[in-house]
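# Working through the structure, step by step
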Amino acid sequence: MTSGLEGVVAAETVLSHVDGENGRLIIRGRELDDIAGKISFEEVCALLWEGLAEPDLPERDLREVLGTARVAVWPLAQKVFALCRETPALSLIEGLRLGLSALSDQDKLPHHLLVTAMVPVMTAGLIRIRQGLEPVAPDEALSHAADFLAMMTARPPKRLQAHALDTYLSAVCDHGLNASTFTARVIASTQAGMISSVIGGLCALKGPLHGGAPGPVLDMLDEIGDEKGIRPWLERQLDQGERLMGFGHRIYKVRDPRADVLKGAVRLLSGDDSNRIALAEKVEQVALEVLAERKPGRRLETNVEFYTALLLEALAIPREAFTPVFAIGRTAGWVAHVLEQEKVGRIIRPSSVYIGPEPLAA
Ligand code: COA
């Protein structure tokens, strides 16, 4: 038995397939390259939710319905913002968890729309509160990505910025039976409902081994400083038994296909002469060399978090908000998996092997 359940098949799904040997990610019959940055995030949601969510909406209507849902959750979000202001020790993701927890199973709006709307509204408002600013109300006329940036900065984003975030949200929308999606499905299998299942997914995403690596990727670039510092810094990290953030993956044994989609998006946003990207590319190249030398046979490649870090930084999203912003995109997948699991209608209940002591004989 392996402690990480590698290779254990725990669900059948029509939603996504991660081909780790060939570096492919298929979302409902489409290659990732064909959707991320090519169709809108709303269209990706429509693709994932098709035939599972009620009502079944095409992309254009979904954009409108999600806009309405963001406006609908705003009054509740404001109440949670007040609580967060009084509790400064709460991290951003803890504040987001609180916002989702304030949603009620009794709410009349479809619950998959409520959770999808609440994540960007809470995240943008919490970022502003951290900066000593007032949260900004959603604008239902904007796309999900553009409205998040508008709520965060209090001004309409540039087209390229909205496009870059939209590409990111689509690139991370779903990814097989990762830890947070599995968590959401387990909760859904108990018939606890959409809201509880998505909160569970968010709690799993909070851990640094799942959704928390892009912040440390930027810390690494800051500490390295310039090109000549790269190899000594990376060697020192590994000497101390530390991992290099943004590298390695349980499933991908070749380059994570999302890394290149995001690299393309960040280049489009920042231009070819960005020093930060030039340094990052050099760090990536040396890190791959060092990992191959120091961990031969482990096949450690660049993962999604490396270029996520650069993209979110170029959008001036604070590091503390990286995991909540990941959740904006991943909510689309959690929702689809919860709906799919609810249709299965059977509780997920594996077994364990008892290795504790036997009771003493009387
Ligand atoms: N840097 C250095 N070594 C790494 C590494 C990394 N980023 N990722 C894995 N390894 C090494 C491990 O130390 C281990 O070496 P060993 O066999 O000599 O002990 C070997 O590779 C296998 O690692 P393992 O922990 O079994 O892999 P996993 O499938 O459980 O872990 C991750 C996958 C993603 C958790 C892991 O690669 C990691 O911690 N990466 C850094 C964090 C990160 O980028 N997370 C975002 C993931 S999208």
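Residues numbered from 1 in each chain as written. Predicted model: local features only at pLDDT ≥ 70, side-chain atom pairs only at ≥ 80, totals over all residues. Heavy atoms only, no water.

### Focus: the overall build of the chain
Scanning the chain from N- to C-terminus turns up 15 helices and 3 strands. Oriented by its inertia axes, the alpha-carbon framework of the chain measures out at about 70 × 55 × 45 Å. Sequence-distant contacts in the chain: of pairs separated by 6 or more residues, those separated by 24 or more amount to 75%. In the chain, 39 positive and 48 negative side-chain charges are present, and the distance between their average locations comes to 2 Å. (Helix = DSSP H or I, 4+ residues; strand = E, 2+ residues; numbered from the N terminus. Contact = heavy atoms within 4.5 Å. Lys, Arg positive; Asp, Glu negative; His and termini not counted. Charge placed at Lys NZ, Arg CZ, Asp CG, Glu CD.)

### A short note on the site of the ligand
Residues in close proximity to the ligand total 17 residues, the closest being Arg243, Leu244, Phe247, Arg250 and Arg298. Between the ligand and the protein, one listed contact pairs an oxygen atom with a side-chain N or O atom of lysine 295 at 3.0 Å. In the shell around the ligand, the residues fall into 8 nonpolar, 4 polar and 5 charged. (Near = heavy atom within 4 Å. Polar contact = N/O pair within 3.5 Å; in protein donor to acceptor, adjacent residues only side chain to side chain. Nonpolar A, V, L, I, M, F, W, Y, C, P; charged D, E, K, R; others polar.)

### Description of the packing of helix H7 (residues 159-171) against helix H14 (residues 304-314)
Look at H7 against H14: their axes get within 10 Å of each other, and the N-to-C directions meet at 150°. Classed by the angle they form, the pair H7 and H14 counts as roughly antiparallel. Crossing handedness for the pair H7 and H14: left-handed. Contact with H7, carried on its side by Ala164, Leu165 and Tyr168, involves Thr308, Leu311 and Leu312 of H14 and no other residues of that element. Considered class by class, the residues forming the contact of H7 with H14 number 5 nonpolar, 1 polar and no charged. (Axes fitted to C-alpha atoms, helices over the stretch in contact; angles between N-to-C directions. Parallel < 35°, antiparallel > 145°, perpendicular 65-115°, else oblique. Left-handed = near helix turned anticlockwise from the far one by under 90°.)

### Concerning the environment of glycine 345
Summarising the element assignment, glycine 345 is placed in the segment after helix H15 (322-344). We classify glycine 345 as exposed; its relative accessible area is 53%. Measuring from C-alpha to C-alpha, the distance between glycine 345 and glutamine 191 comes to 8.1 Å, with 154 residues separating the pair along the chain. (Buried < 20%, exposed > 50% of the residue type's maximum accessible area, 1.4 Å probe, protein only.)

### Some words on the sheet that holds strand S1 (residues 16-19)
Backbone hydrogen bonds hold the strands of a sheet together, and the pairing may be parallel or antiparallel. If you walk across this open sheet you meet the 3 strands as S1-S2-S3, and the pairing is antiparallel. The open sheet has two free edges, formed respectively by S1 and strand S3 (30-31), since each of these has just one partner strand. Pairing between S1 and strand S2 (residues 24-27): 4 bridges, direction antiparallel. Counterpart to valine 18 in the pairing with S2 is leucine 25. (Pairing = 2+ DSSP bridges.)

### Section: the domain arrangement of the chain
Here the domain parsing of the chain yields domain 1 (32-203 + 330-344) and domain 2 (214-314). Each of domain 1 and domain 2 was reduced to a C-alpha centroid, and the two centroids are 28 Å apart. Contacts between domain 1 and domain 2 engage 14 residues on the former and 13 residues on the latter. Together domain 1 and domain 2 conceal approximately 1,100 Å² of surface at their shared face, both sides included; 79% is due to carbon and sulfur atoms. For the pair domain 1 and domain 2, the interface holds 0 salt bridges. Linking domain 1 with domain 2 are 1 residue pair in polar contact (both at pLDDT 80 or more), by the criterion used here. Breaking the side of domain 1 that touches domain 2 down by element, the ones donating at least two residues are helix H1 (32-35) and H7. (Domains from an automatic or database assignment. Buried area = accessible area lost by both parts, 1.4 Å probe. Salt bridge = Lys/Arg side-chain N within 4 Å of Asp/Glu carboxyl O.)

### Focus on H15
Over its 23 residues, H15 runs 33 Å from end to end, which matches the ideal 33 Å to within 8%, given 1.5 Å per residue. Approximately 45° is the largest bend angle found in H15, and it occurs at glycine 329. Counting buried positions over the 23 residues of H15 gives 20, a clear majority of the element. In the segment just after H15, glycine 345 is the residue with positive phi, at about 70°. (Expected span 1.5 Å × (residues − 1). Bend = angle between axes of the 7 residues up to and from the residue.)

### Brief notes about the environment of alanine 124
Among the secondary structure elements, alanine 124 is positioned in helix H5 (residues 111-130). As for alanine 124 and aspartate 219, which are separated by 95 residues in sequence, their C-alpha atoms are 22 Å apart. Dropping the residues within four chain positions of it, alanine 124 is found in contact with Phe148, Met151 and Met152.

### Points about unusual backbone geometry
We note that glutamine 191 has phi near 65°; this positive angle belongs to a residue other than glycine. Relative to the helices and strands, glutamine 191 resides in the loop between helix H8 (179-189) and helix H9 (194-205). You can call glutamine 191 exposed: its relative accessible area is 69%.

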